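# Tertiary structure, described
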Amino acid sequence: MPYSYDNLISLPTREKLTHFIRNEKIFHLIFAEQFSRELLDRLCRLATTLRGIAKSKEGLKFLNNLLSHKSCMLFFTQPSTRTYLSFVRACQFLGINYAEVRDINTSSIFKGETDTDSVRTFSSYFDIIIMRHHKSGFAEKTAFMMNSINRSIPIVSGGAGQDEHPTQALLDIYTLSRSFEWRPDFFNNIHMAFMGDVSRGRTVQSLVKLLCLYDNIKISFVSPKQLTIPKKLKNFLDRTRTTYQELNDIKEIIGDIDAVYVTRIQDEYDTNESSKIDYTPFHLTVNLVKKMKKRSIVMHPLPRREELDPQIDFDSRAMYWRQERNGMWIRAALISYLFNAESSILDYYTQNYSY
Ligand code: NCD
């Protein structure tokens, strides 16, 4: 029976997830909610193993050959530096051939082809399609299309409209897990603050979904009153019984938080003239960081504007540059997992690195 994408897209997220699984594994990655706690732990371990192997020339040679029979299409219709480049480098480490369309004026979309037809074309040439698209439902629509035409080509979302950024959430979890390795209870029981445009920041929406998989996380959303968290996210937090609060002054909690996740104002989605909002109370300054716990961390998905003082870069709590680097390794881990290369990597590591 032919699929009706529109009917499928209107289902609640948790009812769609089964469409994106194959052989009890994630096949298309569209939503952060597809990750389980167990899979997150597995991917974090795999990312650390990969970066260990890549340290030696021999190890790099092994990785460069690992998926050299695979190819990848990067379709990015929205601006991107980190997500795009970290996926490129992840492919290069694993020996995957890749191509890109980033400017639709250079593709047949310019001649009036629909973007779904373009994606169908990519699927004739490549083994996986990684995409960032300005329309929220586009990645899932193309995943449904791949299923309906029986094409075994995974779709991976590298950011979809205001709603989802599952691989950013993945790299944020990897960063938290590396940063809090020293804590006996890991990053269970932490207090995490999200500051800024928590209404339209897709990184916030996706990361919150993953934080709820850990024990006793407390979340504070610090934002201007015009940019508070959307109803959908509130429902999710209530359903998962996550402890959270909404406030508009970070000073109230600055000494108590273990991590702060700063975000820029997402004015590309403006309908309500957010340029008129006074964003300065949501800037993280050196003085505020001084009041944070000694072993707390400052995160930001980047790119930053004035909301994150560059002087903070010199503080050992600044984690955002490591965060972007972690993105490359965890994305390499994700691609390896999707192409079933996980056990080859772990076996190689055991044979060559554990004495
Ligand atoms: C984010 C995005 O695109 O949502 N950037 C990223 O992928 N690292 C954050 C942003 O643009 O503010």
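Reference entry: report on the structure contained in this document. This is a predicted model, so every value here is computed, not measured.

With that settled, consider the overall build of the protein. Summing up its helical and strand segments, the protein has 13 helices and eleven strands in all. Taking 355 residues into account, the globule formula puts the C-alpha radius of gyration at 20 Å, and the protein, at 20 Å, falls close to it. Oriented by its inertia axes, the alpha-carbon framework of the protein measures out at about 55 × 55 × 35 Å. Buried residues in the protein amount to 56% of all 355 residues. In the protein, once contacts between residues fewer than 6 apart in sequence are set aside, the share between residues at least 24 apart is 76%. Per element, the accessible surface of the protein, about 16,200 Å² overall, is 48% carbon and sulfur.

Every residue lining the ligand is accounted for by Thr-83, Arg-132, His-165, Gln-168, Arg-202, Thr-203, Arg-264, Gln-266, Pro-301, Leu-302 and Pro-303. Within the backbone of Pro-301, an N or O atom sits 2.9 Å from a nitrogen atom of the ligand. Here the residues of the shell around the ligand sort into three nonpolar, five polar and three charged.

Our next topic: the nonpolar core. Of all hydrophobic cores here, the largest spans 75 residues; its most connected members are Leu-176 and Phe-194. Among residues more than four places away in sequence, those in contact with Leu-176 are Phe-187, Ile-190, Met-192, Leu-211, Ala-259, Ile-297 and Met-299. Listed in part, the 25 residues of the second largest apolar core include Leu-247, Tyr-279, Val-298 and Leu-308.

On to the sheet that holds strand 9 (residues 243-247). Sheet strands pair by backbone hydrogen bonding; their relative direction is either parallel or antiparallel. Strands sit in the order 9-8-7-10-11 across an open sheet of five strands; the sheet is parallel. Each end of this open sheet is capped by a strand with a single partner; those strands are strand 9 and strand 11 (297-299). Averaged over all adjacent pairs, the angle separating strand axes in this sheet is 20°, with direction ignored. Of the pairings in the sheet, the one linking strand 7 (residues 191-195) to strand 10 (residues 259-262) comprises four bridges and is parallel in character. Residue Met-192 lies in a different strand from strand 10, and its bridge partner there is Ala-259. Lying on the sheet, helix 9 (residues 202-211) is in contact with strand 7, strand 8 (218-222) and strand 10; it crosses strand 7 at an angle near 165°.

With that out of the way, let us pick up the pairing of strand 4 (residues 97-101). Across five bridges, strand 3 (residues 71-76) lies against strand 4 in parallel orientation. Residue pairing for strand 4: Leu-74 is matched across the bridge by Glu-100.

Glancing now at the packing of aromatic side chains. Applying the stated criterion across every chain, the model contains 16 aromatic pairs. Here the aromatic rings of Phe-186 and Phe-187 are separated by 5.1 Å at their centres, their planes lie at 50°, and the arrangement is tilted. One aromatic cluster is present, formed by Phe-62, Tyr-348, Tyr-349 and Tyr-353 through successive ring pairs. Above the ring of Phe-27, the side-chain terminus of Arg-22 is found at 3.9 Å from the ring centroid. We note Arg-102 situated over the ring of Tyr-84; from NZ or CZ to the ring centre the distance is 3.8 Å.

Right, let's get into the pattern of salt bridges. Oppositely charged side chains can pair when the atoms bearing their charge come close. With the rule as written, the count across this model stands at 19 salt bridges. One continuous salt-bridge network, built from bridges that share partners, spans Glu-33, Glu-164 and Lys-209.

Turning our eyes to something else, we now look at the sheet that holds strand 6 (residues 155-160). The sheet built from four strands is open, its strands ordered 4-3-5-6 with parallel pairing. Only two strands of the sheet have a single neighbouring strand rather than two, namely strand 4 and strand 6. With direction set aside, neighbouring strand axes in the sheet form an average angle of 15°.

Moving on to the environment of Gly-95. Considering the arrangement of structural elements, one finds Gly-95 in the loop between helix 5 (82-93) and strand 4. Separated by 26 residues in sequence, Gly-95 and His-69 place their C-alpha atoms 8.1 Å apart. In contact with Gly-95, other than residues within four places in its own chain, are Leu-63, Asn-64, Leu-67 and Ser-68.

Before going further, it helps to spend a moment on the environment of Ser-152. Tracing the chain through its elements places Ser-152 in the loop between helix 7 (138-148) and strand 6. Each C-alpha atom, one on Ser-152 and one on Asp-127, is 8.0 Å from the other, the two residues being 25 residues apart in sequence. Beyond its immediate stretch of four places on either side in the chain, Ser-152 contacts Arg-22, Phe-27 and Asp-127. A distance of 3.0 Å separates a polar atom in the side chain of Ser-152 from a polar atom in the side chain of Arg-22.

Parameters and conventions
Residues numbered from 1 in each chain as written. Predicted model: local features only at pLDDT ≥ 70, side-chain atom pairs only at ≥ 80, totals over all residues. Heavy atoms only, no water. Helix = DSSP H or I, 4+ residues; strand = E, 2+ residues; numbered from the N terminus. Rg over C-alpha atoms; globule rule 2.2 N^0.38 Å. Buried < 20%, exposed > 50% of the residue type's maximum accessible area, 1.4 Å probe, protein only. Contact = heavy atoms within 4.5 Å. Areas by Shrake-Rupley, 256 points an atom, 1.4 Å probe, with all protein chains shown as cover. Near = heavy atom within 4 Å. Polar contact = N/O pair within 3.5 Å; in protein donor to acceptor, adjacent residues only side chain to side chain. Nonpolar A, V, L, I, M, F, W, Y, C, P; charged D, E, K, R; others polar. Core = buried A, V, L, I, M, F, W, Y, C linked by side-chain atoms within 4.5 Å. Pairing = 2+ DSSP bridges. Axes fitted to C-alpha atoms, helices over the stretch in contact; angles between N-to-C directions. Phe/Tyr/Trp six-rings, centres within 6.5 Å; stacked < 30°, edge-to-face > 60°. Lys NZ or Arg CZ within 6 Å of the ring centre and 35° of its normal. Salt bridge = Lys/Arg side-chain N within 4 Å of Asp/Glu carboxyl O.

Bear in mind that shape data such as this cannot, by itself, settle questions of function.
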